[in-house]
Amino acid sequence: MNTTLFVRSYPRDFEWLHYSIQSMEKYITGIFENVLVIPRGSKVTSEMSSFFHRIIYSPHDDVDGYIGQQLDKMDAWKYVNTDYILYTDSDCIYTGPFNPSMLFNEFRPILNMTPYSELGSTVPWQGVVEKALGFIPVYEFMRCFPIIHRTETVAEFAKAYPDIKEFGRNITNKAFSEFNFIGAYAYRNRHPYHYTEECK
């Protein structure tokens with residue numbers, strides 16, 4: 001279960017990232033490589049340079065930042081050399097020992113999900129996924145952080161939906177959800193995850 005830790009951040013979150021890095025240095029083990037993606041022109045701190053093995057400038061600066069950071073996460077497969085991608089955010093603080101193996105069950109990565117029928121109208125992503133992917137998903141997949149995905153799944157999703165970036169560039173209401181897209185695609189095509197509703 002060789003894994004890359006992947007973070008997409010931007011200058012307004014760098015203060016959070018500082019604390020996240022401190023917690024990751026203290027508690028995270030079992031990572032092959034740490035990768036950070038940031039907007040062009042961002043100032044890289046010595047702390048970032050020390051913690052991340054590679055720092056990549058986003059190719060999506062020409063779109064709304066909320067959409068651009070999601071496009072970068074969907075592109076993570078291009079930047080890693082491992083079988084799995086551990087997505088974590090600038091504001092994720094680790095408070096105890098953590099290893100990617102904790103997100104596996106019977107050698108499959110755990111993919112948390114919750115039926116939309118339990119979420120009501122407060123979670124709008126079902127219609128968003130339907131519009132983007134062309135089918136109605138039963139589950140919501142943006143449940144618990146950090147999220148781990150198979151690199152192969154993320155790459156296959158990109159190839160299955162080559163127009164998804166253009167879809168993101170053209171929407172005006174920020175109705176875009178990268179982890180719901182990838183999760184719904186994985187579940188529909190029965191990719192080898194351990195699917196569970198335990199994380200509500």
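These numbers were taken from a predicted model, which means no experiment stands behind them.

Trainee: Hey, could you run me through the sheet that holds strand 10 (residues 194-196) in this one?
Mentor: Backbone hydrogen bonds are what pair the strands of a sheet, in a parallel or an antiparallel way. Here three strands make up an open sheet; going across it, the order is 5-6-10 and the pairing mixed. Each edge of the open sheet carries a strand with a single partner, namely strand 5 (104-105) and strand 10. When strand 5 meets strand 6 (residues 108-112), the two strands line up antiparallel, connected through two bridges. Each residue of the ladder has a partner; that of phenylalanine 104, found in strand 6, is proline 109.

Trainee: Sorry, what's going on with the sheet that holds strand 9 (residues 147-150) here?
Mentor: Ordered by their spatial adjacency, five strands build an open sheet running 3-2-1-4-9, and the pairing between neighbours is mixed. Pairing within the sheet leaves two strands with one partner each, and these edge strands are strand 3 (54-57) and strand 9. Neighbouring strand axes in the sheet, compared pairwise and without regard to direction, differ in orientation by 25° on average. Here five bridges tie strand 1 (residues 3-8) to strand 2 (residues 33-38), and the two strands are oriented parallel to one another. Following the sheet pairing, threonine 4 is matched in strand 2 by glutamate 33. This element, helix 5 (residues 151-160), spans strand 4 (84-87) and strand 9 of the sheet and lies at about 70° to strand 9.

Reading guide: rules and limits
- Residues numbered from 1 in each chain as written.
- Predicted model: local features only at pLDDT ≥ 70, side-chain atom pairs only at ≥ 80, totals over all residues.
- Heavy atoms only, no water.
- Pairing = 2+ DSSP bridges.
- Helix = DSSP H or I, 4+ residues; strand = E, 2+ residues; numbered from the N terminus.
- Axes fitted to C-alpha atoms, helices over the stretch in contact; angles between N-to-C directions.
- Contact = heavy atoms within 4.5 Å.

Geometric values such as these leave the question of function open.
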